[in-house]
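# Understanding the architecture of this molecule
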Amino acid sequence: MQMDATDQQIVASLTSDARASYADIGAKVSLSAPAVKRRVDRLRAAGVIRGFTAVIDPAALGWTTEAFVELFCTGRTTPAQLAVMARKDPAVVGAYTVSGEADALVHLRAADIAHLEQALERLRAEPFVTSTRSMIVLSRLIDPVPASPPTGD
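Remember, predicted model here, so these are calculated numbers, not experimental data.

## Quick look at the pattern of salt bridges
Considering all chains together, one arrives at eleven salt bridges under this definition. Lys 37 is the partner of Asp 41 in a salt bridge, and the nearest nitrogen-oxygen pair spans 2.6 Å. Taken as a pair, Asp 41 and Lys 37 lie in helix 3 (residues 33-45) at a separation of four residues, close to a single helical turn. Among the residues examined, Asp 41 registers a relative accessible area of 34% and is labelled partly exposed. Residue Lys 37 is classed as partly exposed on the basis of its relative accessible area of 38%. Residues Arg 109 and Glu 66 are paired through a salt bridge, measuring 3.1 Å at the closest nitrogen-oxygen approach.

## Points about the pairing of strand 3 (residues 104-110)
Counting buried residues in strand 3 gives six out of seven residues, a clear majority hidden from the surface. As paired elements, strand 1 (residues 65-73) and strand 3 share seven bridges and run antiparallel to each other. Counterpart to Ala 67 in the pairing with strand 3 is Leu 108. For strand 2 (residues 92-97) and strand 3, the ladder comprises five bridges, and the chain directions are antiparallel. Residue pairing in the sheet places Gly 94 in a bridge with His 107 of strand 3. Once strand 2 ends, the chain turns through six residues before running back antiparallel as strand 3, passing Gly 100 with a positive phi of about 105°.

## A word on helix 4 (residues 79-87)
Taken residue by residue, helix 4 has Leu 82, Met 85 and Ala 86 as its buried positions. Projected down its long axis, helix 4 shows its buried positions confined to an angular sector of 95°, all on one face. Across helix 4 from its buried face, at more than 90 degrees, point the exposed residues Ala 80, Val 84 and Arg 87. Residues of helix 4 that are buried sit in contact with strand 1, strand 2, strand 3 and helix 5 (113-124).

## Brief notes about the side chain of Glu 70
As for its placement among the helices and strands, Glu 70 is situated in strand 1. Of note is the side chain of Glu 70, whose polar atom sits 2.5 Å from the side chain of Arg 133. Dropping the residues within four chain positions of it, Glu 70 is found in contact with Ala 102, Ala 104, Leu 105, Ser 131, Thr 132, Arg 133 and Met 135.

Criteria and thresholds
Residues numbered from 1 in each chain as written. Predicted model: local features only at pLDDT ≥ 70, side-chain atom pairs only at ≥ 80, totals over all residues. Heavy atoms only, no water. Salt bridge = Lys/Arg side-chain N within 4 Å of Asp/Glu carboxyl O. Helix = DSSP H or I, 4+ residues; strand = E, 2+ residues; numbered from the N terminus. Buried < 20%, exposed > 50% of the residue type's maximum accessible area, 1.4 Å probe, protein only. Pairing = 2+ DSSP bridges. Arc of directions from axis to C-beta. Contact = heavy atoms within 4.5 Å. Polar contact = N/O pair within 3.5 Å; in protein donor to acceptor, adjacent residues only side chain to side chain.

This is the structure:
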């Protein structure tokens, strides 16, 4: 899909505030609310915008312990198998196949070390996981979502 500068501005606006009204976005990009809605509908149909979601502060829910876990798997483990494993565990917030020694990298979030250990044991119990290597996050330097919308253009 070919995106013009206006589409890019609309995507940027929705990225910073997915609850922005079409009228508010239209005021920023010099379009009417119905014109913005048509563009958003087109971007959704093309798969550029896959959905809208709420971003939750894990600390507010008490999930303050994070770790990245490298998974080492048997030779015939597929990305689909890894995806099934990752989706069934609520402590998994991200999972990726990677290059290098490990076969996959899993991002875990837990309430505390004991909860993290339980999540690790669930990963290790998978029949295709041969070993793991864990790194516990000490501090988060950059949040994946800006704390406030960017100012200016």
